[in-house]
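Breakdown of the fold
In case you want the letters, here they are:
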Amino acid sequence: MKETNALKDQLYAEESDHTSKGLQRRNFLKLAGGGLAGVALLNFASCAKDDGPDDMNGSGLYFGSGDIAILNYAYALEQLEAAFYIEVANKPFSGMTDLEKQLLTDVRDHEVAHREFFKAALGRGAINSLEFDFSAVNFSSRDSVLGTAKVFEDLGVSAYNGAGWLIKDEQYLLLAGKIVSVEARHAAVIRDLISNGSFANSEVIDGNGLDVSNSPTAVLQAAAPFIKSKVDVRDLPTY
Amino acid sequence: MNLQNIFESISQVDPEFNERISPRRQAIRNMFNIGQKVSLAALPFALSALFNKAYGQSAPTDVNGVLNYALTLEYLEAEYYTLGSNRVGLIPSGAAAEAIRTIRDHEIAHVEFLKGVLGSNAVAKPNFDFTAGGAFANVFSDYDTFLALAQAFEDTGVRAYKGQAGILKGNRVVLTAALQIHSVEARHAAHVRSMRRARGGAAANQKPWITGANDSGIGAAVDPVYAGEDNLEQGGVNITTLTGVSGRFTPAIATQSFDEPLTAPAVLDIATLFIEA
């Protein structure tokens, strides 16, 4: 866990002089890590080592550069969410209500639609399908499924919020905007299923009324434990 | 004069300005490098009343214009939820009242945030008439009407921010902040929609996401809020031609999956209904 903390600190060192905001972000990451058995950041550390010669030899899925890389980044996240909710719908947790089933099936279909859209839009520029590892999720447990869903949805919102300014093409930016608000709707619903009224609580909304925003690097780091495939994001715009 | 000069002037008067608009000083520098120019000529406009009928026909063209446009919408929402929360007996106590207070506090925070960013360029709050000249006469006495209008405002807000993304493109600080507000509005919209569903009646089948054009159950009065939400084509791809888990995506799923933008004139036409002349 020492390494986890070191990475977190390094990641947010820039913000360390702005205590409240810095703390809020740390709490968010802690939250993200908590649901994931605390392995997220540790796994990223080993991933980071792969970011050298191996990937230079083309052994990872190359995202491309510029806007294409950002679209592939979004495509990767949508693949992750789609794969997760397909599993959720296939193996309903015990006690899933009709309303929950309906909502989670809708969310699955939205994520699959996003995934298929990116695949079609990227055409030959699209990365291959990623493989995922959901072994940390207990799909028969409502708490485990919704807890993971919350992490994914909040993370997805923060990813689009944080990548918007990196997008050069206005049409791509607008498309990201069309998707992120749907992800935010999902996040609200999942949060309310866990605890009614938590749709936009202080875990994710700061004192200025602003939602979370994360860099591509921070998002991929949080998602890393779930992604089995090796990715090459060396030219992905980030900060 | 460019945006950097403006921000520097504001910073002299208000030393905490940079911290308020961004937690990272570096981000501010970055924005200057991108160099969104704001001409001096734009400033008097920013000081004038935003919602003059004359202005209602034209869209913001620069960063300050977008921020003032956003501020006006946030004024509207903040006042709406403040009045609603204060009206005894309107909102059931418990979870409902708590949720409306949460939303109210975010809208107030958005107003304060945008005023802080705009400084002396911030437009003044207009006078609102939430009955829209009597069309929603019971807005503060009937809970279902109150929630219906709340949903219309939230869904409009989500669309309004989206519609301005192009002007803010590449602007690390302002675009990011706008996106961070935008997703909060979407969270609100989803929750208010769920609150309405729980009430049953005309909203019994309301989903947290928007299905087609005007799924609100409110009626034609809010058609302009949902105009274009039935769009099936994204970036040249018709979503219903793609294959999902069980065959082609239905128009319902295709439209739920993407929220559509609304142009500034369309948003202003809606907002003007609630602004006293």
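Residues numbered from 1 in each chain as written. Chains lettered and ligands numbered in written order. Predicted model: local features only at pLDDT ≥ 70, side-chain atom pairs only at ≥ 80, totals over all residues.

Under an unreviewed UniProt entry, the name given to chain B is Ferritin-like domain-containing protein, and the organism recorded is Sphingobacterium populi.

An unreviewed UniProt entry lists chain A under the name Ferritin-like domain-containing protein, with Sphingobacterium populi as the source organism.

Next up on the list: the overall build of chain A. Scanning chain A from N- to C-terminus turns up 9 helices and 2 strands. Ordered by position from the N terminus, the helices and strands of chain A form the series α-α-α-α-β-α-α-α-α-α-β. In chain A, buried positions account for 49% of the 239 residues. Here the analysis covers contacts within chain A between residues at least 6 apart in sequence; of these, 77% occur between residues at least 24 apart. (Helix = DSSP H or I, 4+ residues; strand = E, 2+ residues; numbered from the N terminus. Buried ≥ 20, exposed ≤ 12 C-beta atoms within 10 Å, placed from the backbone. Contact = placed C-beta atoms within 7 Å.)

As a further point, take the overall build of chain B. Across its full length, chain B holds 13 helices and 4 strands. Out of the 277 residues in chain B, the part that is buried amounts to 49%. In chain B, the share of contacts with a sequence separation of at least 24, taken over all contacts with a separation of at least 6, comes to 68%.

Let's shift gears to the interface of chain B and chain A. Listed as interface residues are 56 residues of chain B and, on the opposing side, 48 residues of chain A. When residues of the side of chain B that touches chain A are traced back to their parent elements, those giving at least two are α7 (95-118), α8 (143-163), α9 (165-168), α10 (172-199), β3 (243-244) and α12 (251-256) of chain B. For the side of chain B that touches chain A, the class distribution of residues is 26 nonpolar, 20 polar and 10 charged. (Nonpolar A, V, L, I, M, F, W, Y, C, P; charged D, E, K, R; others polar.)

Moving on to helix α6 (residues 63-86) of chain B. For α6(B), with 24 residues, the first-to-last C-alpha span of 34 Å sits near the 34 Å given by 1.5 Å per residue. Most of α6(B) is tucked away, with 20 of its 24 residues classed as buried. (Expected span 1.5 Å × (residues − 1).)

What follows covers the confidence of the model for chain B. Of all residues in chain B, 79% have pLDDT values of 70 or greater, and the mean over the chain is 83. Below pLDDT 50 for its whole length, residues 1-57 of chain B participates in 76 contacts with residues either more than four positions away or in separate chains. (pLDDT = per-residue confidence, 0-100.)

This part covers α7(B). Along its 24 residues, α7(B) runs 35 Å from first to last C-alpha, staying within 8% of the 34 Å computed at 1.5 Å per residue. Just downstream of α7(B) lies Gly119(B), where phi reads positive at about 55°.

This part covers the confidence of the model for chain A. Of all residues in chain A, 75% have pLDDT values of 70 or greater, and the mean over the chain is 83. Note that pLDDT drops below 50 for residues 1-57 of chain A; the model gives that stretch 66 contacts with residues more than four away or on any other chain.

Before going further, it helps to spend a moment on the environment of Ile108(B). All names here are of chain B. Following the sequence through the fold, Ile108 ends up in helix α7. By the C-beta count within 10 Å, which is 18 here, Ile108 ends up partly exposed. Separated by 71 residues in sequence, Ile108 and Leu179 have C-alpha atoms that sit 17 Å apart.

In most cases, non-glycine residues show a negative phi, while peptide bonds are predominantly trans. All names here are of chain B. Phi angles above zero are rare outside glycine, and Ala132 is one such case at about 50°. With phi around 55°, Asn214 is a residue other than glycine that occupies positive phi space. By the element assignment, Asn214 lies in the loop between α10 and α11 (223-226).

Next up on the list: the nonpolar core. The nonpolar side chains of soluble globular proteins are, as a tendency, buried together. By size, the foremost hydrophobic cluster in this structure holds 138 residues, and its most contacted members are Tyr73(A), Leu80(A), Ala223(A), Ala70(B), Leu71(B), Leu149(B) and Ala178(B). Apart from residues no more than four positions distant in its own chain, Ala70(B) is found in contact with Leu114(B), Tyr161(B) and Ala178(B). (Core = buried A, V, L, I, M, F, W, Y, C linked by C-beta atoms within 7 Å.)

It is worth spelling out the packing of helix α8 (residues 170-194) of chain A against α10(B) at this point. Here α8(A) crosses α10(B) at 50°, and the two axes come no closer than 8 Å. It follows from the interaxial angle that α8(A) and α10(B) lie oblique. For the pair α8(A) and α10(B), the crossing hand works out as right-handed. Every residue of α10(B) that contacts α8(A) at Val180(A), Ser181(A), Ala184(A), Arg185(A), Ala187(A), Ala188(A), Val189(A) and Asp192(A) is listed here: Leu179(B), His182(B), Ser183(B), Ala186(B), Arg187(B), Ala189(B), Ala190(B), His191(B) and Ser194(B). Split by residue class, the contact of α8(A) with α10(B) holds 9 nonpolar, 5 polar and 3 charged. (Axes fitted to C-alpha atoms, helices over the stretch in contact; angles between N-to-C directions. Parallel < 35°, antiparallel > 145°, perpendicular 65-115°, else oblique. Left-handed = near helix turned anticlockwise from the far one by under 90°.)

Right, let's get into the environment of Val174(B). Residue and element names in this part refer to chain B. Of note, Val174 is situated in helix α10. It is 25 Å that separates the C-alpha atoms of Val174 and Asp269, two residues lying 95 residues apart in sequence. The residues contacting Val174, other than those within four sequence positions of it, are Val63 and Leu168.

Residues and elements named next belong to chain A. At a minimum axis separation of 11 Å, helix α5 (residues 66-90) and helix α7 (residues 142-163) run at an interaxial angle of 165°. What the angle tells us is that α5 and α7 run roughly antiparallel. For the element pair α5 and α7, the recorded crossing hand is left-handed. Facing Ile70, Tyr73, Leu77, Leu80, Glu81, Phe84 and Val88 of α5, the residues of α7 in contact are Val145, Thr148, Phe152, Gly156, Ala159 and Ala163. Across the contact of α5 with α7, the residue classes break down as 10 nonpolar, 2 polar and 1 charged.

So, on to the environment of Gly164(A). Within the fold, Gly164(A) resides in the loop between α7 and α8. C-beta crowding within 10 Å serves as the criterion here: with 27 such atoms nearby, Gly164(A) is assigned to the buried category. Taking the C-alpha atoms as reference points, Gly164(A) and Asp235(A), separated by 71 residues in sequence, lie 17 Å from one another. Other than its neighbours up to four places away in sequence, Gly164(A) contacts Leu173(A), Ala176(A), Leu175(B), Thr176(B) and Leu179(B).

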